[in-house]
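Structure at a glance
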Amino acid sequence: MNQRWTDVAALDAVPEDDVIGIEAGGRSLALYRVGGDLFATDNICTHGHARLCDGFLDGHEIECPLHQGKFDVRTGKAKCAPLVDDIRTYAVHIVDGRVLVDTGCRAAAAVPED
Ligand code: FES
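These remarks concern the structure in this document. The structure presented is a predicted model; accordingly, all values stated were derived computationally and were not measured. Per chain, residues are indexed from 1 in the order of the written sequence. In view of the model being predicted, local features appear only for residues whose pLDDT reaches at least 70, and side-chain atom pairs are presented and counted only at 80 or more, with totals across whole chains, interfaces and linings using the full set of residues. Note: side-chain values were computed over all heavy atoms of the structure, leaving out hydrogens and water.

**Some points on the pairing of strand 9 (residues 98-102)**
Within strand 9, four of the five residues are buried, leaving the element largely enclosed by the surrounding structure. In this scheme, strands are said to pair when DSSP sees at least two bridges between them. Each helix is a run of DSSP H or I of at least 4 residues and each strand a run of E of at least 2, with the numbering of both proceeding from the N terminus. As defined by bridge partners, strand 1 (residues 5-10) adjoins strand 9 across five bridges and the pair is classed as antiparallel. Bridge pairing in strand 9 places Asp-7 opposite Leu-100. Judged from the five bridges that link them, strand 8 (residues 89-95) and strand 9 form a sheet pairing that is antiparallel. Of the residues in strand 9, the one forming a bridge with Val-95 is Arg-98. Connecting strand 8 to the next strand, strand 9, in antiparallel fashion are two residues, including Asp-96 with a positive phi near 50 degrees. Partly exposed describes any residue whose relative accessible area lies between the buried limit of under 20% and the exposed limit of over 50%, with all areas from a 1.4 Å probe on protein chains only and scaled to the type maximum.

Written out as C-alpha cells, the structure is:
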C-alpha cells in the first residue's frame, strides 16, 4: 500500500461537530470532527459540483448543500436520493496536534492522542 501522509491542518482548526475544507495532495477534501474523532472524505459531492464542507453535519452524516443528499462520513456510504455513488474516504492520523491525511488509503477515524 502506498501511504502518502500529508499534514493538512492543526487539530484545533477543526471545530467539534463541524466540517472544514482542505487541499491535500492535489485533492479537495472535507475534514470532519465528530465526538472527538476525525474523518476525511472527498469534498466534492458524487452527484454534482457542490462542496460538502459547505453542507450541514448532523452526527456522522453530512448533507450536501445543493440537493440535500447525505453521506456517512465514517464509510462514505450514500444514504439517500438523489445520491447513487458513495464518496471516497481517507485515513486520518493525528500527531502532536496536527492532522495527517493519507490520500492513498481508506480507514476509520483517528482519535486524538492524550
Ligand atoms: Fe450533492 Fe446533488 S450535488 S446531492
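**A closer look at the nonpolar core**
Nine residue types can take part in a nonpolar core, namely buried Ala, Val, Leu, Ile, Met, Phe, Trp, Tyr and Cys, and a core is a set of them joined through side-chain atoms within 4.5 Å. Of all hydrophobic cores here, the largest spans 17 residues; its most connected members are Tyr-32, Cys-45, Leu-52, Ile-62 and Phe-71. No other element matches strand 3 (residues 27-34), which puts three residues into this core. In this structure, Val-14, Val-92, Ile-94 and Val-99 belong to the second largest nonpolar core, which totals 16 residues.

**Quick word on the environment of Val-95**
Structurally, Val-95 is set in strand 8. Under the relative-accessibility criterion, Val-95 is labelled partly exposed at 29%. Distance in space between the C-alpha atoms of Val-95 and Asp-7 is 9.3 Å, their sequence separation being 88 residues.

**Here's the deal with the sheet that holds strand 9**
With antiparallel pairing, six strands are arranged side by side in an open sheet as 1-9-8-4-3-2. Two strands close off the open sheet at either side, each with one partner strand: strand 1 and strand 2 (18-24). Ignoring which end each strand starts from, the neighbouring axes of this sheet average 30 degrees apart. Bridge count between strand 2 and strand 3: seven bridges; the pairing is antiparallel. For Ile-20, the partnering residue across the bridge sits in strand 3 and is Leu-31. Note on geometry: axes are C-alpha line fits, over the in-contact stretch for helices, and angles between N-to-C directions span 0 to 180 degrees.

**A short note on the pattern of salt bridges**
When the charged atoms of two side chains lie near each other, side chains of opposite charge can form a pair. Put simply, a salt bridge is a Lys or Arg side-chain nitrogen that is within 4 Å of an Asp or Glu carboxyl oxygen. A complete count under the given rule lists four salt bridges for this structure. For Arg-98, the salt bridge identified is with Asp-7, shortest N-O distance 2.8 Å. Separated by 91 residues along the polypeptide, Arg-98 in strand 9 and Asp-7 in strand 1 bring together distant segments of the chain. A salt bridge links Arg-74 to Asp-72, with the nearest nitrogen and oxygen atoms 2.9 Å apart.

**Looking at the side chain of Asn-43**
Along the chain, Asn-43 turns up in the loop between strand 4 (37-42) and strand 5 (56-58). Contacts are assigned to residue pairs with any non-hydrogen atoms lying within 4.5 Å of each other. In this structure, Asn-43 is in contact with Gly-21, Ser-28, Leu-29, Ala-30, Ala-50, Arg-51, Leu-52 and Cys-53, ignoring residues within four places of it in sequence.

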